[in-house]
Amino acid sequence: MKKIFLRLIFILFFLSVLFISYLSIVGIETDKFNNQILYQVKNINKDLNIELKKIKIILNPLKFNINAKTTGTKFNIKGKFLEIESIKTKISINSLINNEFSLTNLEISTKTLEIDNLISFARHLDKRPELYFLERLIKKGYLIANIKVEFDTNGKIKKNYEISGFVQDVNISLLKKYNLEKLNLKFNLKDNYYEIYEVSSLINNIPIFSKKINIKNKKDYFDFTGKFKSKDIKLNKKKIKSFLDLFNLNINLKEIDFNSENEFSFKVYKKFKIKDFKISSKKKIKNLLIQNDLKIKNFFPKITDEIDFSDQILEFNYFVNNLSIKGNGKVKVQDNFDKISYLIKKKDNNYKFQSSFEILDNPLLIKLLNFHKKENVKTTLDIKGEYKNGKKLKIDFLSLLENKNKMEINSLILNDKLKILNLESINLDYIDRENKKNKISIRRKDENYYLKGTNLNINSLITNFIESDNKKDLNIFAKDFYLDLELDKVNLDNKHEVKNLRGKFFVKKNEIVDAKINALFSQNKILKFTVNSNQ
């Protein structure tokens, strides 16, 4: 009897082990948990229904729970369907023994979903306005996702959820002006932190690529940060304009060919209101064409209709109406390429600028000073200044350097018609076109000016400044002023000169109305020049 009892116990133990092994390895299919799962789903939303097939369960005896899996599931809410590839969950054996069925987690893998249908489905679950705007913005696209959630003792979703997957071929329309097309990306979403990576897309047909974009939920807004690249981009005038409009830039660009690396950040508030947009960009510009609207043919006689920037290294930074552009490379204003470096800063309607321009194989003329750049000799122009509210141009510093030739202007202020409002000083030391030495300085004191120097050739200056019939060329002063003269030597032409020129004249409405000048002519004869217009 004892042996029979032991054999019976052994058989039962063996069958139990065999049954547990079968449940642990092969498992069984059942629909006994369907109602309990449906009840758990109703805790998420009372209108949410689920169509379940039989569930395959596999026992985990070590953790004392059951792993359950089903495929081909459909969620349904108010006629909107969402098809699921598979659902996995863990069911506590203790909860079954105590007749307290509960899910501890869910792992959901979707089929390929159309994003607009997914958003429409989500809007029936959640009435947040963001989903409404997403539905309006996104035109098409597909998504596959894996969703992992855990439930607390009350059946509510914990905050340690994780959603990962990828989207393909998404089209988004923004403000009818900016189109995001063929968007492909991977994502990993956690509570208050979203990671997007391996992004590729077209913005207004401009291809961009990004390794990673981070999004943080900051309660009142979403904080975006990321990097993206653009490679071998060629844009025509129309496409360039849509980009410049983003930064309120009025530049007549005709064509650009470039590569770029960019970092950006911005905040998105309710109703997709974007604030604190910031971008830092490093660009390699192969070629950039700008329509040349500059009226500077008098200085650059071979000026072209287009300004051609080539092989430029450029840094671009923008943040809340503050813009800076820094770069250097080759530029063609006339027949041949020259070198240029520049720094431009924009805040609201104010511009600060700084540039250095090296001219080698192109001409440069300054008719007023009878200066002509020598061929194959490097001439450097440096300028630093500020342009305020489209009304006033201030040139802090302007210089020309060519071997021993030096010209320098300090604190020149021009009005909106480019007439001189104020001038602090001018220093000139150069050989002119007639091979004459010129060395003078002009200084301002109060509202008057003082011209001093050792040498000045006025052979062409007299023609351009006094005897010219072209009033537009001489109409350069916005204010009336007195000018005191103190010059050691003045060349009147190639043969005649005067020494110890002293005097004073008054300029009113760009005309000399009063003057009294004395100088020593040849054989110590005194030359006097007087103007008295009684104006």
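Above this text you will find the structure in question.
The sections below set out a description of the structure shown in this document.

Cut-offs applied
- Residues numbered from 1 in each chain as written.
- Predicted model: local features only at pLDDT ≥ 70, side-chain atom pairs only at ≥ 80, totals over all residues.
- Heavy atoms only, no water.
- Helix = DSSP H or I, 4+ residues; strand = E, 2+ residues; numbered from the N terminus.
- Buried < 20%, exposed > 50% of the residue type's maximum accessible area, 1.4 Å probe, protein only.
- Contact = heavy atoms within 4.5 Å.
- Areas by Shrake-Rupley, 256 points an atom, 1.4 Å probe, with all protein chains shown as cover.
- Polar contact = N/O pair within 3.5 Å; in protein donor to acceptor, adjacent residues only side chain to side chain.
- 1 Å grid on protein atoms, 1.4 Å probe; cavity = no way out; pocket = protein on both sides within 12 Å on 5 of 7 lines; lining within 4 Å.
- Points joined across faces, edges and corners; volume = space filled by probe spheres on them.
- Core = buried A, V, L, I, M, F, W, Y, C linked by side-chain atoms within 4.5 Å.
- Nonpolar A, V, L, I, M, F, W, Y, C, P; charged D, E, K, R; others polar.
- Phe/Tyr/Trp six-rings, centres within 6.5 Å; stacked < 30°, edge-to-face > 60°.
- Patch = residues over 30% accessible without salt bridge, like charges linked within 9 Å, V, L, I, M, F, W, Y side chains within 5 Å.
- Salt bridge = Lys/Arg side-chain N within 4 Å of Asp/Glu carboxyl O.
- Lys, Arg positive; Asp, Glu negative; His and termini not counted.
- Charge placed at Lys NZ, Arg CZ, Asp CG, Glu CD.
- Pairing = 2+ DSSP bridges.

Describing the overall build of the protein
Part 1 of the reasoning: Helices and strands together make up the secondary structure of the protein, namely eight helices and 31 strands.
Part 2 of the reasoning: In the protein, which comprises 535 residues, the proportion classed as buried is 38%.
Part 3 of the reasoning: Of the contacts made within the protein by residues no fewer than 6 positions apart, 44% connect residues no fewer than 24 positions apart.
Part 4 of the reasoning: Accessible area of the protein: about 33700 Å², with a carbon and sulfur share of 53%.

With respect to the side chain of Glu195
Part 1 of the reasoning: Note on placement: Glu195 falls in strand E11 (residues 193–203).
Part 2 of the reasoning: A polar atom in the side chain of Glu195 sits 3.5 Å from the side chain of Lys212.
Part 3 of the reasoning: For Glu195, the contacting residues outside a window of four places in its chain are Lys186, Phe187, Asn188, Leu189, Lys212, Ile213 and Asn214.

Looking at empty space enclosed by the protein
Part 1 of the reasoning: Applying the stated criterion across every chain, the model contains one cavity of 30 Å³ or more.
Part 2 of the reasoning: Empty space within the largest cavity amounts to approximately 70 Å³.
Part 3 of the reasoning: Around the largest cavity, the lining residues are Ile37, Ile50, Leu52, Ile55, Ala68, Lys69, Thr70, Ile87, Thr89 and Leu106.
Part 4 of the reasoning: By residue number, the principal contributor to the lining of the largest cavity is strand E4 (residues 65–77), which donates three residues.

Remarks on the nonpolar core
Part 1 of the reasoning: If you look at the biggest cluster of nonpolar residues, it comprises 106 residues, and the most contacted ones within it are Phe75, Phe309 and Leu501.
Part 2 of the reasoning: For this core, the element with the most residues is strand E14 (residues 253–269), which contributes six residues.
Part 3 of the reasoning: Leave out the neighbours within four places in its chain, and Leu501 touches Leu485, Glu486, Leu487, Val490, Ile517, Asn518 and Ala519.

Quick word on the layout of surface pockets
Part 1 of the reasoning: What the second largest pocket holds in volume is close to 400 Å³.
Part 2 of the reasoning: Lining the second largest pocket we find 18 residues, and of these Phe228, Lys229, Ser260, Glu261 and Asn262 sit closest to its centre.
Part 3 of the reasoning: Residue assignment for the lining of the second largest pocket shows that the elements contributing at least two residues are strand E12 (206–217), strand E13 (222–236), E14 and strand E15 (273–291).
Part 4 of the reasoning: The class makeup of the residues in the lining of the second largest pocket is two nonpolar, seven polar and nine charged.

Some remarks on the packing of aromatic side chains
Part 1 of the reasoning: Enumeration over the complete set of coordinates arrives at 13 aromatic pairs.
Part 2 of the reasoning: A centroid spacing of 6.1 Å and a plane angle of 35° characterise the contact between Tyr194 and Phe222, whose relative ring orientation is tilted. Here Tyr194, found in strand E11, pairs with Phe222, found in strand E13; they are 28 residues apart in sequence, far enough to count as distant.
Part 3 of the reasoning: For the pair Phe371 and Tyr430, a centre-to-centre distance of 6.0 Å together with 85° between the ring planes defines the contact as edge-to-face. Taken together, the positions of Phe371 in strand E21 (residues 371–372) and Tyr430 in strand E25 (residues 420–431) put the pair 59 residues apart, joining distant regions of the chain.

Some thoughts on the environment of Leu414
Part 1 of the reasoning: Relative to the elements of secondary structure, Leu414 occurs in strand E24 (residues 405–414).
Part 2 of the reasoning: Residue Leu414 is classed as buried on the basis of its relative accessible area of 10%.
Part 3 of the reasoning: Residues Leu414 and Phe477 lie 63 residues apart in sequence; the distance between their C-alpha atoms is 8.9 Å.
Part 4 of the reasoning: The residues touching Leu414, leaving out its near neighbours within four places in the chain, are Lys391, Lys392, Leu393, Lys419, Ile420 and Leu421.

Overview of a positive patch on the surface
Part 1 of the reasoning: Together, Lys345, Lys347, Lys352, Lys384, Lys388, Lys392 and Lys479 give the surface a local cluster of positive charge.
Part 2 of the reasoning: Secondary structure elements with two or more residues in the positive patch: strand E18 (338–347) and strand E22 (379–388).
Part 3 of the reasoning: Mapped onto the fold, Lys347 is located in strand E18.

Looking at the pairing of strand E19 (residues 350–359)
Part 1 of the reasoning: In this structure, E18 lies alongside E19, joined through nine bridges in antiparallel fashion. Bridge pairing links Leu343 to Gln354 in E19.
Part 2 of the reasoning: Sheet analysis places E19 next to E22, joined by 10 bridges and oriented antiparallel. By the bridge assignment for E22, Ser355 is matched with Ile383.

Remarks on the environment of Asp514
Part 1 of the reasoning: Residue placement: Asp514 occurs in strand E30 (residues 511–520).
Part 2 of the reasoning: Measuring from C-alpha to C-alpha, the distance between Asp514 and Lys504 comes to 8.4 Å, with 10 residues separating the pair along the chain.
Part 3 of the reasoning: Once residues lying within four places of it in the same chain are set aside, the contact partners of Asp514 are Lys504, Phe505, Phe506, Val531, Asn532 and Ser533.

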